[in-house]
Amino acid sequence: MGNTVHTNANVDLDFETIESELEKLKSAIHTFEPYTKSFITNTMNVMDGMHSDFTSKMKGALDNMRNTKAPKLITDLNLYQSAVKEAMDSFQQLDQSYATNLESAEVKKNGNQ
């Protein structure tokens, strides 16, 4: 069979598109991840040598951002990406198994005629 699974419930899965979208998600996670880990600390360290009213207010704002939910979001997105990949792999294995069984049944049917 091809890269699309067709079921009696009329569900079509385009594995190439799913794989492509998962790669985009993985890339976005990879791009965003550094901001959740070190951006605030690095930015505050850069501002250490500066002296102005703005600097203290900016440091305060950055300190408030430490409680962000971004690290949990990254973790959840990684789990989601892995789960979708696992489901897709399972569907592909199932598709291959059905294709093999159909081919075997067709060979047996043609052999009995």
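Attention here is on the structure that accompanies the text. Because the structure is a prediction, the values reported are computed rather than measured. (Residues numbered from 1 in each chain as written. Predicted model: local features only at pLDDT ≥ 70, side-chain atom pairs only at ≥ 80, totals over all residues. Heavy atoms only, no water.)

### Here we look at helix α2 (residues 39-47)
Looking only at α2, the buried set comprises Ile40, Thr43, Met44 and Met47. Projection of α2 onto a plane perpendicular to its axis shows the buried side chains occupying an angular sector of 100 degrees, all on one side. Buried residues along α2 sit in contact with α3 (53-65). (Buried < 20%, exposed > 50% of the residue type's maximum accessible area, 1.4 Å probe, protein only. Helix = DSSP H or I, 4+ residues; strand = E, 2+ residues; numbered from the N terminus. Arc of directions from axis to C-beta. Contact = heavy atoms within 4.5 Å.)

### Notes on the pattern of salt bridges
Under the criterion given, the structure shown has four salt bridges. Glu21 is paired through a salt bridge with Lys24; the nearest N and O atoms lie 3.1 Å apart. Within this pair, Glu21 and its partner Lys24 are both found in helix α1 (residues 15-37), separated by three residues, close to a single helical turn. You can call Glu21 partly exposed: its relative accessible area is 43%. (Salt bridge = Lys/Arg side-chain N within 4 Å of Asp/Glu carboxyl O.)

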